[in-house]
Amino acid sequence: PGPVAREFGVSVSEAFGAAFGQWLVDQYQMKWLVVKDEYGTAYAVEHQQYSLIAYPVSSVNKGINQDKKGLFRGIELTIQENIKALQAEEAATKQ
């Protein structure tokens, strides 16, 4: 594809990633933040109670570029599993 098609594809994948990120915020008690590190700057969502950060915009962009099936569900399941593990860890330390 040419540069315009490539730019449009990036914009669409970023829009999907942002919408998915907002859905994660709404569903899983997360909040948006900007992460700056040696690799650059990225939008991320962080759980408000547990130490859990996800990068929905970059994850969706990467998944679309790799033509991954079930991309959104896979990310959601990973977040669910991590939250459950952190909840179990918290419960174990309270006993």
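Note: the structure precedes this text.
Attention in this report is confined to the structure presented alongside it. (Residues numbered from 1 in each chain as written. Predicted model: local features only at pLDDT ≥ 70, side-chain atom pairs only at ≥ 80, totals over all residues. Heavy atoms only, no water.)

Examining helix α2 (residues 56–65)
For the α-helix, the turn length of 3.6 residues means that residues three or four positions removed from each other point alike.
At step 1: Of the residues making up α2, those classed as buried are Pro56, Val57, Val60 and Gly63. One face of α2 carries all of its buried residues, which in axial projection span an arc of 135°. Every exposed residue of α2 that faces more than 90 degrees away from the buried side is listed here: Lys62 and Asn65.
At step 2: Where α2 ends, the next residue or the one after it, aspartate 67, has phi of about 55°, a positive value. (Buried < 20%, exposed > 50% of the residue type's maximum accessible area, 1.4 Å probe, protein only. Helix = DSSP H or I, 4+ residues; strand = E, 2+ residues; numbered from the N terminus. Arc of directions from axis to C-beta.)

Describing the nonpolar core
At step 1: Leu24, Tyr28, Met30, Val45, Ile75, Ile79 and Ile83 are the most contacted members of the largest nonpolar core, which totals 14 residues.
At step 2: Secondary structure elements with two or more residues in this core: α1 (3–27) and α3 (71–94).
At step 3: If sequence neighbours within four positions are ignored, valine 45 has contacts with Gly21, Leu24, Val25, Met30, Lys31, Trp32, Leu33, Leu52, Ile53, Ala54 and Pro56. (Core = buried A, V, L, I, M, F, W, Y, C linked by side-chain atoms within 4.5 Å. Contact = heavy atoms within 4.5 Å.)

Here's the deal with the sheet that holds strand β3 (residues 53–54)
The strands that make up a sheet pair up through hydrogen bonds in the backbone, lying either parallel or antiparallel.
At step 1: Spatial strand order, β1-β2-β3: 3 strands in an open sheet with antiparallel pairing. Edge positions in the open sheet fall to β1 (30–37) and β3, since each of these has one partner strand only.
At step 2: With 8 bridges connecting them, β1 and strand β2 (residues 40–47) associate as antiparallel partners. Along β2, the bridge assignment pairs aspartate 37 with glycine 40.
At step 3: Sheet strands touched by α2: β1, β2 and β3. Its angle to β2, the strand with the most contacts, is close to 110°. (Pairing = 2+ DSSP bridges. Axes fitted to C-alpha atoms, helices over the stretch in contact; angles between N-to-C directions.)

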